[in-house]
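# Summary of structural features
What follows is the residue order along each chain.
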Amino acid sequence: MTQEDGELDSLVRKRIRALRVAQGWSLAELATRAHLSQSSLSRIENGRRRLALDQLVTLARALDTTLDQLVETAADDIVTSPMIDAAHGLMRWSVKGDPGMSVVRQRMTEPPPENPARMRAHPGREWLVVLSGTAVLMLGHRRFRVETNQAAEFPTMMPHAIGAEGGPCEILGIFDRDARRGHQREGGDSDAQDT
């Protein structure tokens, strides 16, 4: 076993214990959920028993996580810089945990279109947080005011558009893989009022 393998082994054992404690579960409770004996789980946590893949899969499920998350190593690139699209006033960050997700910071000055024909619909989900000002979210024929520090989440299959109300606003939008693809197919983020 290399030093790196030993460090991963130790990290996984610490994660199992930390996740169990965070749930407020005793050894007995997690052992029952993972279909292990309490002594086996104790030996796994304390490094006195070999980590077996089948047990890790079972423990990950019992702890409501994935095997990938249980065994991932610490990344060196904790801080990331955005890609900047100055022409459209956008900053975009990729979300590392899901390469299909992206985060976009956008300044808006125009109200959303009133004409439903100018709204977009595509597969996916979107989340947005208003960083400053007031945004207006149009969903079909409904109109929602989203104030500073408020958030909205919606399925993008509903025709939608976002704009500013009463002056400029700045939003942070988070797109899942499908929503991001929908925006790229429909002309990207060049139309600042349709997210």
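Above: the structure in question.
In this text, all values refer to a predicted model and were calculated from it rather than measured experimentally.

Parameters at a glance
- Residues numbered from 1 in each chain as written.
- Predicted model: local features only at pLDDT ≥ 70, side-chain atom pairs only at ≥ 80, totals over all residues.
- Heavy atoms only, no water.
- Helix = DSSP H or I, 4+ residues; strand = E, 2+ residues; numbered from the N terminus.
- Buried < 20%, exposed > 50% of the residue type's maximum accessible area, 1.4 Å probe, protein only.
- Contact = heavy atoms within 4.5 Å.
- Pairing = 2+ DSSP bridges.
- Axes fitted to C-alpha atoms, helices over the stretch in contact; angles between N-to-C directions.
- Arc of directions from axis to C-beta.
- Polar contact = N/O pair within 3.5 Å; in protein donor to acceptor, adjacent residues only side chain to side chain.

### Structural notes on the side chain of Ser-42
Position of Ser-42 among the secondary structure elements: in helix H3 (residues 38-46). Residue classification places Ser-42 among the buried residues on the basis of a relative accessible area of 17%. In contact with Ser-42, not counting residues within four places along its chain, are Leu-27 and Arg-48.

### Thoughts on the sheet that holds strand S5 (residues 135-139)
Reading across from one edge, S6-S5-S8 is the order of the 3 strands in this open sheet, with antiparallel pairing throughout. Of all strands in the sheet, those bounded by a partner on one side alone are strand S6 (142-146) and strand S8 (160-164). Between one strand axis and the next, the sheet turns through 20° on average, direction left out of account. Summarising the sheet, S5 and S6 pair through 5 bridges and their orientation is antiparallel. Bridge pairing in S6 places Val-136 opposite Arg-145.

### Concerning helix H4 (residues 53-62)
Listed in full, the buried residues belonging to H4 are Gln-55, Leu-56, Leu-59, Ala-60 and Ala-62. Here the buried residues of H4 occupy an arc of 160° about the axis, which is enough to place them on one side. Facing away from the buried side of H4 by more than 90 degrees, the exposed set consists of Leu-53, Asp-54 and Arg-61. In the segment just after H4, Asp-64 is the residue with positive phi, at about 60°.

### Topic: the environment of Arg-105
When you line up the elements, Arg-105 lands in strand S3 (residues 102-108). Separated by 69 residues in the primary sequence, Arg-105 and Ile-174 place their C-alpha atoms 9.0 Å from one another. Side-chain polar atoms of Arg-105 contact the side chain of Glu-170, separated by 2.5 Å.

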